Amino acid sequence: MEKVTLIATATMGLEALVAREVKDLGYEDVQVENGKVTFTADVSAIPRANLWLRTADRVKLKVGEFKAFSFDELFEKTKALPWADLIPVHAEFPVIGKSVKSKLFSVSDCQAIVKKAVVESMKKRYKRGWFDEDGPLYRIEVALHKDVATLTIDTSGTGLHKRGYRYLHNEAPLKETLAAAMIMLTPWKPDRPFADPFTGSGTIPIEAAMIGQNIAPGFNRDFVSENWHWIGKDHWDTARQEVEDVANYDQPLDILGTDIDHRSVELASNNAREAGFGDLITFKQMQVKDFRHRGEYGILVGNPPYGERLGERDEVERMYIDMGRTFDLLDTWSVYMLTSHEGFEELYGKKATKKRKLYNGNLKVDYYQFFGPRPPRKEK
C-alpha cells in the first residue's frame, strides 16, 4: 500500500493549527474543513501523525466516501470498498456512526448496514461465513453529512489528548490538545519565561515543556494501529526513533505554574513528574493577585474559572479585576486568557489585542490575547 488518505479530526476552531502541524511534518496535500484536516501520504504518516500531532483529536484512515440516499445504496457502496486489504481475518471490527443533515438519519441502522456490508465484502475475499473477531482492533466509523457517507478506520485508539502523564486531574480538566493549542497560538519560544497562574492539574505547563524541548506528545503512550500488519513494525520503530532523535532534552526552560489551591499544586507536581518534567517546571501555591515574576518578555497563558456556576460569578469577576491590575505590572509580558465570560475585557480593564473563538468541550469560549512588546533582538 503506497498511499493512504488520513483525516486528522479537530475541535472547532483548531483546524488551521492542525493543518499547520500536518504541513510541518512534511505533508503537502492538505485540505481543511470544519472539524477535520484531510491529507494524503505514505503509510509511515500513520505512526508519525499519531506521535506528533499536538492539537488533533484522532487520526483516521479514510477507506471511502460516496453519496448515499438509501440503505441499499449505503450497503452496496460500502461492500464495494477493499475492506479485506485493510482488515485481517481475525480482526475485531466494531462500527460506530453519526449522521448530520442526511436522509439516512438512524445511526443504529446505518451502523448495522455498514457492519453487514463489511462482513459480506470480507466473506468474499476470505472464503468463510463467520469471523471470530478475536484479533487486533479496527474500529470503523460511518459519518453521514448532507447525504455523503465517509467510511474511516480509527488509527489512534484512545483519543490523542490522552498523553499518558495525567492519571489524576481536578474537576474540569483542560484537554491536553486545547492546552497545546493555547500555547501554539502565542509567540513563546523556549528562551522566554512562561507561566500559568491557574495551573489546575498542570496541563498547560507540561504541554509547554513538551513543546519547548520538542518532545512528541505521543512519546509515552500506545496506539491501536501499532498492531496492524500492513503498516509494519519497521514504520513504527522508525517513527519512534525519530521522536527520540529530535527531542532536545538539554533545552533549559523557565516554566512556572501557580494556583490558589494547594491540592492542585500537588496534583500538578505529580503529573509533571509522571511526564518527566519534575525538575524543569516550578509549581507554587499563590493567589492571582500575588503573582510576580522577575523574568522579562514572558508569556502568561491561563484558563481561569469562568463563573458559570451559581454563586461563583461575583468572586470570579473580582478575580478578573485583580488579574488586570496584577498583570499590568508585568509590562514586558504578553497575556493569553481563555474564558466564556463575555464581560472579561471590561473587568480586566483592557481591550484585547486579538480575540479568537474556541471551544472548551461543548462550551463556547474566547481566547483573549494581550500582546506585550517584542523582546529585543539578541546580538549574534
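Residues numbered from 1 in each chain as written. Predicted model: local features only at pLDDT ≥ 70, side-chain atom pairs only at ≥ 80, totals over all residues. Heavy atoms only, no water.

As recorded by an unreviewed UniProt entry, the protein chain carries the name N6-adenine-specific DNA methylase and is attributed to Halalkalibacter wakoensis JCM 9140.

**Here we look at the UniProt feature "domain: THUMP" (unreviewed entry) in the protein chain**
This is how it is decided: UniProt positions are given in the numbering used here, feature names are shortened, and annotations may be inferred rather than shown by experiment. Under the DSSP-based scheme used, a helix requires at least four consecutive residues in state H or I and a strand at least two consecutive residues in state E, with every element numbered from the N terminus.
Mapped onto this structure's residue numbering, the UniProt feature "domain: THUMP" (unreviewed entry) falls at residues 45–155. Note that residues 45–155 is 37% helix and 26% strand, and that its end C-alpha atoms are spaced 11 Å apart.

**A word on the packing of helix H2 (residues 45–52) against helix H8 (residues 233–246)**
Counted only if it meets this: Convention adopted: a line fitted to C-alpha atoms gives each axis, helices being fitted over their contacting stretch, and angles between N-to-C directions are expressed from 0 to 180 degrees. Any angle between 65 and 115 degrees counts as roughly perpendicular, while under 35 counts as roughly parallel, over 145 as roughly antiparallel, and the rest as oblique. Take the far helix as your reference; a near helix turned counterclockwise from it by less than a right angle gives a left-handed crossing, and one turned clockwise gives a right-handed crossing. Between two residues, a contact is recorded if the distance between any of their heavy atoms is within 4.5 Å. Residues are grouped as follows: nonpolar covers Ala, Val, Leu, Ile, Met, Phe, Trp, Tyr, Cys and Pro; charged covers Asp, Glu, Lys and Arg; every other residue, Gly included, is treated as polar.
Close contact between H2 and H8 brings their axes to 8 Å; oriented N to C, the two are set at 40°. In terms of orientation, H2 lies oblique with respect to H8. Taken as a pair, H2 and H8 cross one another with a handedness that is right-handed. Taking contact as the criterion, the partners of Pro47, Arg48, Asn50, Leu51 and Trp52 in H2 are, on H8, His235, Trp236, Ala239, Arg240, Glu242, Val243 and Val246. For the contact of H2 with H8, the residue count by class is seven nonpolar, two polar and three charged.

**Some points on the pattern of salt bridges**
Using the following cut-off: Salt bridges are identified by distance alone: a Lys or Arg side-chain nitrogen within 4 Å of an Asp or Glu carboxyl oxygen. Exposure categories follow from relative accessible area, calculated using a 1.4 Å probe and restricted to protein chains: below 20% of the type maximum is buried, above 50% is exposed, and the middle band is partly exposed.
For the structure on display, the rule yields 17 salt bridges. We note a salt bridge from Glu312 to Arg309, for which the minimum N-O separation is 3.8 Å. A relative accessible area of 26% places Glu312 in the partly exposed class. Taking relative accessible area as the criterion, Arg309 reaches 48% and is therefore assigned partly exposed. Among the charged side chains, a network of salt bridges with common partners joins Arg58, Arg139 and Asp154.

**Some thoughts on the layout of surface pockets**
Our working definition: The pocket and cavity definitions rest on a 1 Å grid over protein atoms only: a 1.4 Å probe that fits but cannot leave marks a cavity, an open set with protein on both sides within 12 Å along at least five of seven lines marks a pocket, and residues lining either have an atom within 4 Å of a point. Grid points are joined across faces, edges and corners, and a volume is the space filled by probe spheres set on the points.
In this structure, the largest pocket occupies an estimated 1300 Å³ of space. If you go around the largest pocket, you meet 38 residues; those closest to its centre are Asn303, Pro304, Pro305, Tyr306 and Glu312. Put simply, the parts of the chain that give the lining of the largest pocket at least two residues each are helix H7 (203–212), helix H9 (262–275) and helix H10 (313–328). Counting residues per element, the lining of the largest pocket draws most heavily on H10, which supplies five residues. For the lining of the largest pocket, the per-class residue count stands at 15 nonpolar, 11 polar and 12 charged. Put simply, the second largest pocket is a space of about 880 Å³.

**Re the packing of aromatic side chains**
Applicable threshold: Each pair of aromatic rings taken from Phe, Tyr and Trp, with Trp reduced to its six-membered ring, is defined by centres within 6.5 Å and is described as stacked if the planes are under 30 degrees apart, edge-to-face if over 60, and tilted in the remaining cases.
Scanning the model with the defined rule gives 16 aromatic pairs in all. Pairing Phe93 with Phe131 gives two aromatic rings, centres 6.3 Å apart and planes at 80°, and the pair type is edge-to-face. With Phe93 in the loop between helix H4 (83–86) and strand S5 (95–100) and Phe131 in the loop between helix H5 (107–126) and strand S6 (140–145), this pair connects stretches of sequence that are 38 residues apart. Take Phe131: its relative accessible area is 7%, and that puts it in the buried class. Centre to centre, the rings of Tyr138 and Trp228 are 4.5 Å apart; their planes meet at 10°, and the pair counts as stacked.

**Re the pairing of S5**
Applicable threshold: Note on pairing: DSSP must find at least two bridges between two strands before they are called paired. Clockwise travel from the first strand over the helix to the second, with the strands pointing away from the viewer, marks a crossover as right-handed.
Two strands pair when backbone bridges link them, and S5 and S6 are joined in this way by six bridges, in the parallel orientation. Across the sheet, Val95 pairs through a bridge with Ile140, a residue of S6. Regarding the hand of the β-α-β motif, the stretch spanning S5, H5 and S6 is left-handed.

**Focus on the domain arrangement of the protein chain**
Definition in use: Start and end points for every domain follow an automatic or database-based domain assignment. What gets called buried area is simply the loss in accessible area from a 1.4 Å probe that two parts show on being joined, summed for both.
Partitioning the protein chain into domains gives domain 1 (3–154) and domain 2 (176–214 + 242–370). The straight-line distance from the C-alpha centre of domain 1 to that of domain 2 is 35 Å. Each partner contributes to the interface: domain 1 provides 15 residues, whereas domain 2 provides 16 residues. Interface area for domain 1 against domain 2, summed over the two sides, is near 1300 Å², with a carbon-plus-sulfur share of 63%. For domain 1, the biggest contributors to the area lost against domain 2 are Leu17, Trp52 and Arg54; these three give 45% of the whole. Counting across the domain 1 and domain 2 interface gives one salt bridge. The shortest N-O distance in the salt bridge between Arg48 and Glu242 comes to 2.9 Å.

**Some words on the sheet that holds strand S10 (residues 281–285)**
Ordered in space as S10-S9-S8-S11-S12-S14-S13, the seven strands form an open sheet in which the pairing is mixed. Each having just a single partner strand, S10 and strand S13 (354–360) make up the two edges of the open sheet. The mean angle between the axes of side-by-side strands here comes to 20°, regardless of whether they run parallel or antiparallel. Direction of pairing for strand S9 (residues 255–259) relative to S10: parallel, over a ladder of five bridges. The residue bridging Ile255 from the neighbouring strand is Ile281, located in S10.

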